[in-house]
Amino acid sequence: MDAEPATTGPAGLIARLRARLTGGPSEASLTRRLAGTIFVIRVISAGLAYVSQVLLARWMGTSDYGVYVYVWTWVLLLGSMMDFGISASAQKIIPEYRASGEQALLRGFLSGSRWLTFAVSTLVSLGLAGIVRLLSPWIEPAEELPLYIGCMTLPAFVVANTQDGIARSHDWMQLGLMPQFIIRQALIIGFTGAAFLLGYHLGAVAAMAASAGAVWIAMTGQMLVLNRKLADHIEPGPSAYDIRGWLAVSLPILLVESFYLLLSYTDVLVLQQFRPSDEVGVYFAVVKTLALVSFIHYAMSATTAHRFAEYNASGDKARLSAYVAHAINWTFWPSLAATIVLLALGKPLLWLFGPQFVVGYDIMFVAAIGLVVRAAIGPVERLLNMLGQQKICALAYALAFVMNLVLCIALVPRYGGHGAAAATSISLTFETVLLFWIVRQRLGLHVLAFGK
């Protein structure tokens, strides 16, 4: 992927030096630049999120903060599942439509996918609000109104995810990510900070209302900019809508994404059922502190998925294999370095949330094990999804989720946050072994950052 300039002598030396300094024209260099852009956005987002979580924890107290974390986790989980997997499948569908020249289907997907996800997520949100109403006698009073606000947030959250996938498929990484990860976080800080300074009681209800407003505003702005860029990029003409074909690609990917999300959020949700809200807040602070590690994996996944599909569609197996190896190396080694730094700075970072949050420092070491092990095989779940192996990938995630749920139920009541972290790390290790074996058997590729 990274061929050096063929010229020799001084001219060749200058050309090689220029290629090094500019990153070169190769796909590997482009991937590093795009992944670097995504990582920078996620790091800035993490900083903003960290500031917002620190401020909310201090302004709200551990109990209200725990309620907010619980409800917001449901929004993140359900909102990421309610788009049918279209935000991920867009990175397969759009490159294939472009490669085959099916412009009508491409135009139909760019508009129809968003209308489809908005309509269905609105109906599902209304149904969820009805469920909250039915279960209100068994729901904690402090949680009921925040849950209703969470239902109102979901349609905008789902459409934003869909637009993110469309933007990333065109290499518009800033447009895909900044509204969700920077603008939204900045708005949450602004709204909650204004409420606090004006003397309003900043409880879980006010924090959820601020979050809902931020999601809707960021999504609307993203839609306006995306529509304008697509109008300049796509020639006008008739549109065709292959909804059945979209769902045939998306639903298996949805299974993968759903089990991944369930695996990611099971620990917090189970912890809320068995332990007090203040302990949930401490555990969430630990997870947020370690988020930088997962951002590296996310950056490579977001950058590489549509290129996996492109190289596979063109039949360029050698290029695909080299690209996969490159993506894995640029996932694992930065993740390992970030983990070491975060563990070294763990206590002062947790102290920012409040002195009482430092008790979660030991949990960081347990949780970090699973993240490092998972990073060792890079974004192979995207590779499997883009190469038509969605079902077996979904099965691997389903097994890991079941293991995580069983282990959380067994360990959390007795060990609290330590048990939740241990359950997740064991499940991530099991998932890593399964995915490594699947890629080796189905695709014949070595997907470990070291060895052959």
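Residues numbered from 1 in each chain as written. Predicted model: local features only at pLDDT ≥ 70, side-chain atom pairs only at ≥ 80, totals over all residues. Heavy atoms only, no water.

1. Things to note about the overall build of the protein
Looking only at helices and strands, one finds 16 helices and zero strands in the protein. Taken over 452 residues, the protein has a buried fraction of 53%. Of the roughly 19,200 Å² of accessible surface on the protein, 69% is carried by carbon and sulfur atoms. (Helix = DSSP H or I, 4+ residues; strand = E, 2+ residues; numbered from the N terminus. Buried < 20%, exposed > 50% of the residue type's maximum accessible area, 1.4 Å probe, protein only. Areas by Shrake-Rupley, 256 points an atom, 1.4 Å probe, with all protein chains shown as cover.)

2. Observations concerning the pattern of salt bridges
Going through the model one piece at a time under the given rule, you end up with five salt bridges. Across the pair Glu96 and Lys92 runs a salt bridge whose closest N-O atoms are separated by 3.0 Å. Of the two residues, Glu96 and Lys92 are both situated in helix H3 (residues 86–100); the distance of four residues between them amounts to about one turn of the helix. Owing to a relative accessible area of 32%, Glu96 belongs among the partly exposed residues under this scheme. Judged by relative accessible area, Lys92 falls into the buried class, the value being 11%. Across the salt bridge formed by Arg275 and Glu279, the nearest N and O atoms sit 3.1 Å from each other. (Salt bridge = Lys/Arg side-chain N within 4 Å of Asp/Glu carboxyl O.)

3. What about the confidence of the model for the protein?
Of all residues in the protein, 90% attain a pLDDT of 70 or more, and the chain-wide mean is 82. Note on residues 1–25: pLDDT under 50 across the span, and 24 contacts to partners over four residues away in sequence or across chains. (pLDDT = per-residue confidence, 0-100. Contact = heavy atoms within 4.5 Å.)

4. Structural notes on a nonpolar patch on the surface
On the surface, Ile131, Leu134, Leu135 and Trp138 cluster together into a nonpolar patch covering about 500 Å² of accessible area. Note on placement: Trp138 falls in the loop between helix H4 (103–134) and helix H5 (141–169). Trp138 gets classed as exposed once you look at its relative accessible area, which sits at 69%. (Patch = residues over 30% accessible without salt bridge, like charges linked within 9 Å, V, L, I, M, F, W, Y side chains within 5 Å.)

5. Some details on the packing of aromatic side chains
For the structure on display, the rule yields seven aromatic pairs. Summarising the aromatic geometry, the rings of Trp59 and Phe196 are spaced 4.6 Å apart at their centres and angled 10° between planes, so their arrangement reads as stacked. In this pair, Trp59 is assigned in helix H2 (residues 27–81) and Phe196 in helix H6 (residues 173–197), connecting sequence segments 137 residues apart. Here Trp72 and Phe157 contribute two aromatic rings whose centre-to-centre distance is 6.5 Å and whose plane-to-plane angle is 85°, an arrangement assigned as edge-to-face. With Trp72 in helix H2 and Phe157 in helix H5, this pair connects stretches of sequence that are 85 residues apart. Each member of the pair, Trp72 together with Phe157, is buried. Feature note: the residues Tyr68, Trp72 and Phe157 constitute an aromatic cluster, connected by ring pairs. The side chain of Lys229 reaches across the aromatic face of Trp172, ending 4.8 Å from its centre. (Phe/Tyr/Trp six-rings, centres within 6.5 Å; stacked < 30°, edge-to-face > 60°. Lys NZ or Arg CZ within 6 Å of the ring centre and 35° of its normal.)

6. Observations regarding unusual backbone geometry
Although it is not a glycine, Phe84 sits at a positive phi angle of roughly 65°. Note that Phe84 resides in the loop between H2 and H3.

7. Considerations on the nonpolar core
Of all hydrophobic cores here, the largest spans 65 residues; its most connected members are Tyr65, Tyr68 and Phe353. For this core, the element with the most residues is H2, which contributes 15 residues. Two domains share this core, each providing at least three of its residues, namely domain 1 (49–240) and domain 2 (255–451). Ignoring sequence-local partners within four residues, the contact set of Tyr65 consists of Gln53, Leu56, Ala57, Met60, Gly281, Phe284, Phe353 and Phe357. (Core = buried A, V, L, I, M, F, W, Y, C linked by side-chain atoms within 4.5 Å. Domains from an automatic or database assignment.)

8. Describing helix H13 (residues 361–375)
For H13, built from 15 residues, the straight-helix expectation of 21 Å at 1.5 Å per residue is met to within 8% by its first-to-last C-alpha distance of 22 Å. Residue Ala367 marks the point of greatest curvature in H13, where the axis turns by about 25°. Tyr361, Ile363, Met364, Ala367, Ala368, Gly370, Val372, Arg374 and Ala375 are the residues of H13 that are buried. (Expected span 1.5 Å × (residues − 1). Bend = angle between axes of the 7 residues up to and from the residue.)

9. Some thoughts on the side chain of Glu381
Mapped onto the elements, Glu381 comes out in helix H14 (residues 380–386). Since its relative accessible area comes to 6%, Glu381 is described here as buried. The residues touching Glu381, leaving out its near neighbours within four places in the chain, are His297, Ser301, Arg374, Cys393 and Tyr397.

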